[in-house]
Each structure stands twice: as C-alpha cells, then as structure tokens.
Amino acid sequence: MTAHDYNNAFDDLSLRGYRFALRSCGDKELSRDIVQEALTSLWEHRESVDREKSRSYLFGTIYRRLADHWRKLQPVVQEAREEAVAAPQEDFDAQEAVGLALATLPEIQRSILQLKDVEGYSYKEIANILAISDQQVCVYLYRARVALKKKLIAYGYNDR
Amino acid sequence: MAITIDNYEYYLVQYLDGTLPEREAAEVEAFLESHPDLKEEMALFADSPKLESLPAAKVPQFSNPAARRTIVIGWRHYAAAACVLALFAAGLFLFPKQEEGPVVARMDTLPAVEEVETETSVSGVGIPSQRPKAAQPVLMAEALPETVEEERKEETVPSAWMESVATEEIIETTLLAENIEEEIRVDYETFKRIANYDPLASINEQSNGDALKNDAPEVKEQKQDLYLGRLAQPFLTVAAWIGNVRNEKNEFVNQLFGNI
C-alpha cells in the first residue's frame, strides 16, 4: 500500500479502531495507545500489507494488543467475569443489564459481537482479524448471542 | 456432512443467515426436529439484540490490579496513626525544645577557664576575684558567636568580653595597690610601736612632733589609736603578739647559747 492508501486507511479506520478498542477494554488512554501503536505498525509494514487487507491488519493488531492486556490482567478479568456471572438475577436498568450481560461473555465473544454488529464485518474478515477459522467465528457468535439473550432476560431487560 | 451436537452452532448461524445450500438447510431442519431444546436456543439466538441497538453499556474496565485495589481504612490504620501521633506528642512533652542549650553550655564552661587564667596571671598575690559573676553570662551571651569557627577566631582577637575583663583587672590592681599601702602603713606603725623607735620622728618633729613628744604615754597611745583607726587595731595586736613570741624565742636562744 502506498502513503496515499495509508492516509485513506488512517482517515477511515482510526476512529473505528478506537471505538473497537474502547468498547473492548473501557480504558480511553489504553485505547488511544493501542490504536496509535497499531497505526504505527501499519505504516511500518505498509510495503507488505495490501490495501484491501489494511483493515484486517489494523484491527488484528488492535485485537492482539487487547489480548495482551487481558492476558496481563488475567486474574482481574477472571474476577470481573465471575462477579458478573454471580450477579443476582433481578431487574436492573437497561444500561446496567447490558453491561453485566456483556461482562459475562469471554473477551473473544465480545469482540466478535463488536466486529459483527457494530463494524459489520464478514465472518471471513473477523476470522482474519482474530486469527481463527470461519467456523469458530460462527460458533462463538452463536454462543455469544444465546448467552447475551439469556442474561438480558434474566436481568429483566426487554429490547422490544 | 453430518450435523452433530458438537458442530451444530456453525450450521445454525449459516442457516439463519440463509447462506447454507438447500441440502444442508434440510439437514439442519431435521436436526432441529430431533433436538427441541436446540430449537428454543436457536430462537434465543435469532431474538438476541444486535449490539448496536443496545443502550451504551458500561464496559468493564480492566485496569492495573495495583491501581484497582482499594485500601479500606480500618481501625488498625487509625490505631497506627494515633500511636505515631502519641509518640510525637510524648517526644515534644518529654524533650522540650532547648532553645539556648548550646549557649548555656558555653556560658558555663568558657568564662570559668578564663577566670582561672586571669587569676593566675594577673595577681600572683591570691586576691579573690571580685568580679560580679552574674554579669558575665550576659556579656558572654552577647558576645558569643554563632558558629564554632567564628568562636575560634574570636579567641585570638580580643572580644568585648576580654576588654571588660581588662577593665576589671585594672580595678583589681588599684584595689591591690590600696591594700599594699595599708599594709605598709600597718607594718610601719607596728614596727614603731614594738621597737619604740620612730624612723620618721625627725620628720614629725620638724612638722608637728612637739605635740606628740610632749604628750604623756597614755595620751600618745590614744592619739596613735585614733591615727591608725579601729581597723588597724587587730593587725596591731597580732603584730605585737608575733613580736613578743620573737622576743621570747630570742631570750630562749640567748639562754641556751649563753650557757655554752
């Protein structure tokens, strides 16, 4: 990809990448750092990255950084999920219900939901970003949707 | 391709997306007929809201565990803080601030040394120092330098205190001179009385010797007493006693050696 392609990718993807990182980790500073690193990496590897794959490359880099973050904080992440799973099944307001329901999901499932619903990526592209197979993407997506719906019902959230 | 309980999810997603070929879609429908619970689950999946349609959720934030850990301040912390405060207060109470501690020490030590030096060097006669001792610390405190280096420098240079010592020495020496005059006068009178000889009689006779010469011995003695004053009387008696002792000794010596 050329410098012009990189500029286009930057304009198109920097805010999208930031949104993906922020909704995955919830930390603004960390999200900015991660997106910055990913864009720098994309510039450094612009010779080897095709223009069509720049999006996958950028989101893949962001996801790997996020995965590193979660791995470093594995006890905290685990504790937060256990807390969310153990939350009492009572009526929360909509924001709390959605937050708790999402917190019960594994990170990769949340990322898949994010990439599928918000960014609108195909299974193939999600598989490239997450470095997994198409089938795994479908399986995770299925489990994520079912679990999310179950939790939302349990927390009294009705989207209708 | 067989749909099993282990891989049905992928096919269900594809089936609901409508991307499965007809033959596989029929397999999925057959599979769902034999698994009614999965049919309900698939209904949940199909009914699950898209993430974008959900209200903005508070994303769980996983920050550093050290920063995330909150310190609950219990009674132990309060007790520790109270102990530290109590120790501090006790230290203030037991060891109050000694504002002029080093100055006091210097006032105690330094003038004493100077006193000894002046007494030995100046008099040699052994006259007790009559300096007002209460005034010294005040002078010392005024003239005391702040640091030790300056203090050492001050030792070589005559300070205000040293000047005051000098003036006191002058006063002492004048007192000493008066004493010596007095002593000389007492000695003279004693000698005159014991030896019954006045070396200055000729001079006195020239001036007013007639009065003394013509007086009776009693009147003469009275006049002498008046002249010497009451202060000289004890010295006179002591001197007379010494003279008597000497005379007795001389008599004893004369008796002793005279016989030989």
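Nothing here was measured: the structure is a model prediction, and the numbers come from that model.

### Observations concerning the overall build of chain B
And step 1. Check the secondary structure of chain B and you find 13 helices and zero strands.
And step 2. Taken from N to C terminus, the helices and strands of chain B fall in the order α-α-α-α-α-α-α-α-α-α-α-α-α.
And step 3. Classification of the 260 residues of chain B by burial places 22% in the buried group.
And step 4. With an accessible surface of roughly 19,500 Å², chain B has 60% of that area assigned to carbon and sulfur atoms.

### Looking at the pattern of salt bridges
And step 1. Under the defined criterion, the tally for this structure stands at 15 salt bridges over all chains.
And step 2. One salt bridge connects Glu37 of chain A with Arg65 of chain A, and the closest N-O pair in it is separated by 2.4 Å. One end of the pair, Glu37 of chain A, is in helix α2 (residues 28-44); the other, Arg65 of chain A, is in helix α3 (residues 54-72), and 28 residues separate them in sequence.
And step 3. Overall, Glu37 of chain A belongs to the partly exposed group, its relative accessible area being 37%.
And step 4. In this structure, Glu33 of chain B and Lys39 of chain B form a salt bridge, with 3.2 Å as the shortest nitrogen-oxygen distance.
And step 5. For Glu33 of chain B, a relative accessible area of 58% puts it in the exposed group.
And step 6. By relative accessible area, Lys39 of chain B is classed as partly exposed at 40%.

### A short note on the interface of chain A and chain B
And step 1. Residue-level contacts link 43 residues of chain A with 31 residues of chain B.
And step 2. For the chain A and chain B pair, buried surface summed over both sides reaches about 3,400 Å², with 65% attributable to carbon and sulfur atoms.
And step 3. In this structure, the salt-bridge partner of Lys149 of chain A is Asp47 of chain B, at a minimum N-O distance of 3.3 Å.
And step 4. Of all the secondary-structure elements, those providing two or more residues to the side of chain A that touches chain B are α1 (3-25), α3, α4 (74-85), α5 (94-103), α6 (107-118) and α8 (134-154) of chain A.
And step 5. Per element, the largest residue contribution to the side of chain A that touches chain B is 14 residues, and it comes from α8 of chain A.

### With respect to the nonpolar core
And step 1. If you look at the biggest cluster of nonpolar residues, it comprises 71 residues, and the most contacted ones within it are Ile62, Ile112, Leu113, Leu115, Leu130, Tyr142 and Leu152 of chain A.
And step 2. When residues in this core are grouped by element, the largest group, nine residues, is from α8 of chain A.
And step 3. Residues contacting Leu152 of chain A, with those up to four places away along its chain left out, are Ala97, Val98, Ala101 and Tyr157 of chain A together with Pro49 and Leu54 of chain B.

### Describing a nonpolar patch on the surface
Residue and element names in this part refer to chain B.
And step 1. Among the surface-exposed residues, Val238, Trp241, Ile242 and Val245 lie close enough to one another that they form a single nonpolar patch of about 380 Å² accessible area.
And step 2. Here Ile242 shows up in helix α13 (residues 233-259).
And step 3. Relative accessible area serves as the criterion here: at 35%, Ile242 is assigned to the partly exposed category.

### Examining α5 of chain A
Residue and element names in this part refer to chain A.
And step 1. Most of α5 sits inside the fold, with seven of its 10 residues counted as buried.
And step 2. Along α5, the residues classified as buried are Ala97, Val98, Gly99, Leu100, Ala101, Leu102 and Ala103.
And step 3. Those residues of α5 that are buried are in contact with α4, α6 and α8.

Conventions adopted
Residues numbered from 1 in each chain as written. Chains lettered and ligands numbered in written order. Predicted model: local features only at pLDDT ≥ 70, side-chain atom pairs only at ≥ 80, totals over all residues. Heavy atoms only, no water. Helix = DSSP H or I, 4+ residues; strand = E, 2+ residues; numbered from the N terminus. Buried < 20%, exposed > 50% of the residue type's maximum accessible area, 1.4 Å probe, protein only. Areas by Shrake-Rupley, 256 points an atom, 1.4 Å probe, with all protein chains shown as cover. Salt bridge = Lys/Arg side-chain N within 4 Å of Asp/Glu carboxyl O. Contact = heavy atoms within 4.5 Å. Buried area = accessible area lost by both parts, 1.4 Å probe. Core = buried A, V, L, I, M, F, W, Y, C linked by side-chain atoms within 4.5 Å. Patch = residues over 30% accessible without salt bridge, like charges linked within 9 Å, V, L, I, M, F, W, Y side chains within 5 Å.

It is worth stressing that arrangement in space is one thing and function is another; only the former is reported here.
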